[in-house]
Amino acid sequence: MNNQFYINLRAIILFGFAFLLCSFIYSGKIQYYIAPQMMKFIYFAAGTFFVLGVVQMFRSEDSEEHCLCGHDHADTSKPFMRFSVYFLFLLPLMTGFVFPDKVLDSAMAEKKGVSLNGTIGMKASASKTDKPSEKTQSDSDTPNADAYLEDPEKYMAELEEKYADDSEDSSTTGSADSDAVFDYDEYYLEIAEKYDDREKIKVNDDNYADLVDSIAIFSDRFEGKEIEIKGFVYREEGMEQNQLVVARFLMSCCSADTSVIGMMAEGHDLGEIETDSWVKVTGTISQTTYGDARIPSIEVSEIKQIKKPDTPYVYQDLGIFN
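The shown structure was predicted, so the numbers you read here are calculated from the model rather than taken from an experiment.

**Q** Could you give me a rundown of the confidence of the model for the chain, with the residues and numbers involved?
**A** Model confidence for the chain is summarised by a mean pLDDT of 75, while 66% of its residues fall at 70 or above. Across residues 124-143 the pLDDT falls below 50, and counting only partners more than four positions away or on other chains, this stretch makes five contacts in the model. Every residue in residues 169-182 is under pLDDT 50, and counting partners more than four places away or in other chains gives zero contacts.

The following block contains the structure:
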């Protein structure tokens, strides 16, 4: 195969990616992969692929061989190896056109884990997991007997200095953390105050993440209020027959960063509701203990099975690309 074949193949690949993105946009399936705030980049990418495809289409074999760059562009690789490189681009292109789109469900929720305290619970878990151990074996609180016997006065002086520094660092860190928590709570406090005079809270796609977070932080302020919320049914191993989670996948940027948040619902005949079915739950906000945590819950007064919404995910706009 001559170079002109590979030039045309590159043009086909570029046009292919442009048309694939356009088909996702036109069909609305792009929402399964990208958050709305990222759509500007998808439009830009589709346009760029199309322009580069046009440029590539009008290139010729002579333009590559006589580019006057001072380098030899002669093809020294085997055709099979060269085509294998292009196949790496063709494979995701064919996958996008051929394979059906799949909405994330409870099977993926089980792998990711569900937070029953909104994004607050996820951030708290992440901070505990990511926080490195501050003490190593060399920094142990156990006194070093050998060092003490060699020079007791020096050892005690160093020990006092060490604990003085630790105390100062702890005080500084605690102050910073307190300020951060205050600022963090302030945002959700404003949301909670908006519902002080409302007897019923309706959770929709636009306010889902903020309301679930606010209820998790200020459960006492919301307790006793009526709530209406929609989501898919999720169950964890160990849940009782009268319990289920009304959950949604939360997307901040793309499908790779999705997380699962929801609220516990408790009531009669909930065991008859199938997992993964979509429901609208109406009930009263209360609190319950699940595992070792105190979490907000819904005392169900009415539950209806509904059709899966056109937009199965909820989105959290972080304001990064605005």
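**Q** I'd like a description of the packing of aromatic side chains, backed by residues and values.
**A** In the structure shown here, the tally under the stated rule is eight aromatic pairs. Between Phe-17 and Phe-49, the ring centres sit 5.5 Å apart and the planes meet at 25°, which makes this aromatic pair stacked. Of this pair, Phe-17 sits in helix H1 (residues 3-27) while Phe-49 sits in helix H2 (residues 39-57), and the two are 32 residues apart along the sequence. Between the aromatic rings of Phe-249 and Tyr-313, the centroid separation amounts to 6.2 Å while the plane-to-plane angle is 70°, which identifies the pairing as edge-to-face. A residue pair is termed long-range when its members are at least 10 positions apart, and Phe-249 in strand E4 (residues 243-251) and Tyr-313 in the loop between strand E7 (293-306) and strand E8 (314-315) qualify at 64 residues. Of the two residues, Phe-249 and Tyr-313, both sit in the buried class. Three or more aromatic residues link up through ring pairs in this structure, and these residues are Phe-232, Phe-249, Trp-278 and Tyr-313. Over the face of the ring belonging to Tyr-195 we find Arg-198, whose NZ or CZ atom lies 4.6 Å from the ring centre. We note Arg-248 situated over the ring of Tyr-208; from NZ or CZ to the ring centre the distance is 5.8 Å.

**Q** Account for the packing of H1 against H2, with residues named and values stated.
**A** It is the contact of H1 with H2, at a shortest axis distance of 8 Å, that shows an interaxial angle of 155°. It follows that H1 is roughly antiparallel to H2 by the angle criterion. Crossing handedness for the pair H1 and H2: left-handed. Taken together, the residues of H2 that come into contact with H1 (itself represented by Ile-7, Arg-10, Ala-11, Leu-14, Phe-15, Phe-17, Ala-18, Leu-21, Cys-22 and Ile-25) are Met-39, Ile-42, Tyr-43, Ala-45, Ala-46, Phe-49, Phe-50, Leu-52, Gly-53, Val-54, Gln-56 and Met-57. For the contact of H1 with H2, the residue count by class is 19 nonpolar, two polar and one charged.

Definitions and limits used
- Residues numbered from 1 in each chain as written.
- Predicted model: local features only at pLDDT ≥ 70, side-chain atom pairs only at ≥ 80, totals over all residues.
- Heavy atoms only, no water.
- pLDDT = per-residue confidence, 0-100.
- Contact = heavy atoms within 4.5 Å.
- Phe/Tyr/Trp six-rings, centres within 6.5 Å; stacked < 30°, edge-to-face > 60°.
- Helix = DSSP H or I, 4+ residues; strand = E, 2+ residues; numbered from the N terminus.
- Buried < 20%, exposed > 50% of the residue type's maximum accessible area, 1.4 Å probe, protein only.
- Lys NZ or Arg CZ within 6 Å of the ring centre and 35° of its normal.
- Axes fitted to C-alpha atoms, helices over the stretch in contact; angles between N-to-C directions.
- Parallel < 35°, antiparallel > 145°, perpendicular 65-115°, else oblique.
- Left-handed = near helix turned anticlockwise from the far one by under 90°.
- Nonpolar A, V, L, I, M, F, W, Y, C, P; charged D, E, K, R; others polar.

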